[in-house]
Amino acid sequence: MALPQLLTVALLAAPVPVLSVDGFADVIPAPVSAVPSGADFHLDRNTVIQTRTPAVGNQLAADISAETGLALPVTPSAAPAGRKISLKIAGGLGDGYKLVVNRNSVEVTATTPAGLFDGTQTLLQLREGRAIAGGTIEDRPRFTYRGSHLDLARHFHTPDEVKKYIDEIRRLKINYLHLHLSDDQGWRIQIDGWPRLTEIGGAAGTGVDGVGGGFLTKAEYADLVAYAAARFVTIVPEIDMPGHVNAAQVAYPELTCDGVAPPPRTDTAVGYSSLCISSETTYRFVEDVIRELAAITPGPYIHIGGDEAHATPPADYVAFQNRVIPLVAKYGKTAYGWHEIAQSPAAYSSVAQNWGMSRSNPVLAGAVANGMRVVMSPANKAYLDMKYDRNTPLGLTWAGLIEVRTAYDWDPGTHLTGVPESAVLGVEAALWSETLRNIDHIEYMAFPRLAAIAELGWSPASSHDWEAFRSRLAAYGPQWTARGVDFYPSPQISW
Ligand code: TNX
């Protein structure tokens with residue numbers, strides 16, 4: 001690697017874009033500050049990983065081994081003279097980290113294990129062959145919630161596919177994975193008290209166009225939760241209600257008001273089904289589902305859907321949410337729902353996921369004034385199932401065409417009138433699966449746009465710069481290629 005020219009980037013103090021010098025600051029999401037030194041560290045078979053946080057150390061060792069073939073030992077204490085990567089917990093860094101790469105050592109310091117893990121993800125991005133680019137990075141997230149969403153209901157995605165996706169999203173410092181587990185077509189999570197949900201709703205042929213099917217057993221779900229947690233990703237399960245419930249009603253006709261089972265549906269229409277709001281059976285069902293889901297979900301959130309309930313009269317909708325949201329709290333979780341739940345006063349203590357395309361939503365702004373917090377997923381920016389351009393073979397167009405620059409050029413902190421940055425928990429990119437049947441499809445639609453959304457969630461607003469982003473993205477492409485990720489080679493990027 002050539003010696004970089006002398007340069008200092010003092011981003012903590014001044015709003016200067018991160019500069020790229022010989023790849024040192026080619027990190028996504030852009031770090032708060034990055035100062036290259038030219039003193040690269042070289043991994044070799046004598047390098048050790050020294051840490052008292054083995055959860056982070058072992059994961060780093062596994063990644064380095066997979067990518068370089070070097071099996072580095074992970075130890076709590078190492079000879080002071082040895083060449084080492086040390087991962088340390090120390091106070092004062094909030095949820096951020098500091099990374100110093102010298103010729104003889106690499107040191108990552110953070111106050112939390114999650115911060116330490118984020119630091120190791122930056123470290124992995126600085127690796128080229130066995131060299132790790134030298135310099136100092138100081139970094140911390142802008143928002144605490146950086147989410148990605150997968151729809152297992154329209155087409156089921158297997159646990160192995162979800163794991164491969166987790167492997168990629170955590171590299172971008174995404175820390176929540178929202179799984180959409182039920183919809184009109186299918187039901188994808190085992191619920192012991194209501195077994196026909198998956199016997200019927202998870203059967204073969206329950207995917208869109210009658211293709212695919214399947215569901216997660218509780219054991220498979222728990223295994224996914226653990227796999228994600230080992231990579232500092234928290235799973236957020238969603239059961240969509242009171243709309244998007246046709247599959248549940250096919251399995252249990254008593255969830256309709258007339259007790260008659262509707263026909264199974266594998267088309268892509270939305271807004272036609274509703275739970276029976278006046279029936280106590282509905283609330284027994286909802287409570288059972290929430291209780292069982294909360295019991296297998298260590299994360300703080302249960303997502304209760306709430307979108308596009310066009311078949312539920314507005315007063316019924318509010319009455320339903322006023323009963324259901326407290327049930328989530330009863331089982332120790334925070335309710336999270338699509339922004340329509342903001343209509344219900346019971347929702348003010350929960351989190352709204354804004355999918356709207358408008359820059360203003362007075363109902364949501366009113367709820368925010370009452371304490372509600374918001375995750376930003378505007379469909380015309382952050383819906384990764386929208387086509388990139390007219391020729392994209394997969395995807396939908398109802399929220400527009402979303403090229404990489406469109407996904408990148410917006411600010412979650414100022415996006416909605418009356419929703420100040422202090423009320424924004426973060427961002428989430430949604431990837432609906434009506435047209436997506438396998439992991440290649442998922443990767444093609446998610447990448448590279450998920451990198452843009454990840455950067456909006458992590459990097460300081462002052463570093464927002466399309467030219468800098470597209471050049472870092474071009475540098476990131478070979479990493480996806482090396483890992484066999486089928487990303488879309490957007491013509492906006494000079495790959
Ligand atoms: C809207 S916006 C939906 C989903 C669809 C998606 C397709 C929202 C919360 N719901 O039911 O799958 O559009 O893009």
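First things first, this report covers the structure right here in the doc. Residue positions are counted from 1 within each chain, in the order its sequence is given. Two thresholds apply to this predicted model, a pLDDT of at least 70 for residue-level local features and 80 or more for giving and counting side-chain atom pairs, whereas whole-chain, interface and lining totals are computed over all residues. Side-chain figures throughout are based on the complete set of non-hydrogen atoms in the structure, without hydrogens or water.

### Side note on the overall build of the protein
- Looking only at helices and strands, the protein has 14 helices and 18 strands in total.
- The atom set for the radius of gyration is the C-alpha atoms, and the globule formula is 2.2 Å times the number of residues raised to the power 0.38. Taken over C-alpha atoms, the radius of gyration comes to 23 Å for the protein, in line with the 23 Å a tight globule of 495 residues would show.
- If you line up the protein on its principal axes, its C-alpha atoms span 75 × 45 × 45 Å.
- When checking whether two residues touch, look at their non-hydrogen atoms; a contact exists if any pair is within 4.5 Å. Summarising the internal contacts of the protein: among those between residues at least 6 apart in sequence, 71% fall at separations of at least 24. Put simply, DSSP H or I for four residues or longer makes a helix, DSSP E for two residues or longer makes a strand, and each gets a number counted from the N terminus.

### Let's talk about the sheet that holds strand E10 (residues 135–139)
- Pairing between strands is defined by DSSP: at least two bridges between the two strands are required. The seven strands lie next to each other as E1-E10-E6-E7-E5-E3-E4, forming an open sheet whose pairing is mixed. Both outer strands of the open sheet, strand E1 (33–36) and strand E4 (74–75), are each paired with one neighbouring strand and no more.

### Observations regarding the packing of aromatic side chains
- Only rings of Phe, Tyr and Trp enter the pairing, Trp through its six-membered ring, and a pair is recorded when the two centres are within 6.5 Å. The plane angle decides the type: under 30 degrees is stacked, over 60 is edge-to-face, the rest tilted. In total, this model carries 25 aromatic pairs according to the counting rule given.
- Residues Tyr165 and Phe447 carry aromatic rings whose centres are separated by 6.0 Å and whose planes lie at 40 degrees to one another, so their mutual orientation is tilted. One end of the pair, Tyr165, is in helix H3 (residues 159–169); the other, Phe447, is in the loop between helix H12 (439–446) and helix H13 (449–458), and 282 residues separate them in sequence. Across the pair, Phe447 and Tyr165 agree in class, each one buried.
- Their ring planes at 80 degrees and their centres at 6.2 Å tell us that Tyr388 and Tyr444 sit as a pair that is edge-to-face. Of this pair, Tyr388 sits in the loop between helix H10 (379–382) and helix H11 (404–408) while Tyr444 sits in helix H12, placing them 56 residues apart in sequence. Residue Tyr388 shares its accessibility class with Tyr444, and that shared class is buried.
- Members of the aromatic cluster, joined through ring pairs, are Tyr165, Phe447, Tyr476, Trp480, Phe487 and Trp495.
- Sitting over the ring of Tyr227, Arg231 keeps its end group 3.6 Å from the ring centre. Residue exposure (1.4 Å probe, protein chains only): buried if accessible area is under 20% of the type maximum, exposed if over 50%, otherwise partly exposed. Here, over-ring charges are defined by two tests on the NZ atom of lysine or the CZ atom of arginine: distance to the ring centre within 6 Å, and angle to the ring normal within 35 degrees.

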